[in-house]
Amino acid sequence: FFFLHPTEQGAMGDDDYAIESADAGASATIPMEAGQIKKGGYMMIKGHPCKVLSISVSKTGKHGHAKCNFVATDIFTGKKYEDMVPSTHGTTVPVVHRSEWEIIDIGDGDELTLMDEAGNQKTDLNLPTFPESLADDIKNSWNGGENSVMVTVQAAVGIEQVIAYKKE
């Protein structure tokens, strides 16, 4: 989020604004007009980062706002959420990052040791709990280290989770 502050009172020219960033790093969500969100895109519903499955837009009523009805699933749990927002109103969209990692080890408690192409290690993730079969599929493919398995880690709003894998 950026805030514009007048640097001095009185007549303001184009150069009289100081831009300040409200947070240290990248923001976890960005504001967006509800009417701009597309099917297959992401949005926050009730604090959950969701992927939009369908959007239905109702006609403008007597107060002149078309409403967008969103049906979406949580990108980490698969739980379905619905939300209705006037199309001109703002909503928030999660910033979603995906990265590829190779499995180096799978611990007894399903904790993963991962390495990226640059050789950086990641040890703060466990095998996924959703979808239910994914953890077992990954374990079976990895086969105690017999095979090289790459996993896709999806990150949004401070949550990271393995969402896919492929056997090399």
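Structure shown above.
So, here is what we can say about the structure in this document. (Residues numbered from 1 in each chain as written. Predicted model: local features only at pLDDT ≥ 70, side-chain atom pairs only at ≥ 80, totals over all residues. Heavy atoms only, no water.)

Quick look at the side chain of Thr29
Along the polypeptide, Thr29 turns up in strand β3 (residues 29–33). Assessed through its relative accessible area of 18%, Thr29 is described here as buried. Those residues in contact with Thr29, other than ones at most four positions away along the chain, are Met44, Thr92, Val93, Pro94, Val95 and Val157. (Helix = DSSP H or I, 4+ residues; strand = E, 2+ residues; numbered from the N terminus. Buried < 20%, exposed > 50% of the residue type's maximum accessible area, 1.4 Å probe, protein only. Contact = heavy atoms within 4.5 Å.)

What to know about unusual backbone geometry
Omega for the bond connecting Phe130 with Pro131 falls within 30 degrees of zero, at -15°, which places this linkage in the cis form. For Asn143, which is not glycine, the phi torsion reads 55° and is therefore positive. Residue position: Asn143 is located in the loop between α1 (134–142) and β12 (149–156). For Asn143, a relative accessible area of 43% corresponds to the partly exposed category.

Points about the nonpolar core
Nonpolar side chains in soluble globular proteins tend to be buried together. Membership of the largest hydrophobic core comes to 15 residues, with the highest contact counts inside it found for Ile103, Leu112, Leu114, Ile138, Val151, Val153 and Val162. Every element with two or more residues in this core is listed here: β9 (97–106), β10 (111–115), α1 and β12. Considering each element in turn, this core owes the most residues, four residues, to α1. With residues up to four places along the chain from it excluded, the contact list for Val153 reads His97, Arg98, Ser99, Trp101, Leu114, Leu125, Glu160, Gln161 and Val162. Core analysis: the next-biggest nonpolar cluster, separate from the first, contains 12 residues, Met43, Phe70, Val85 and Val93 among them. (Core = buried A, V, L, I, M, F, W, Y, C linked by side-chain atoms within 4.5 Å.)

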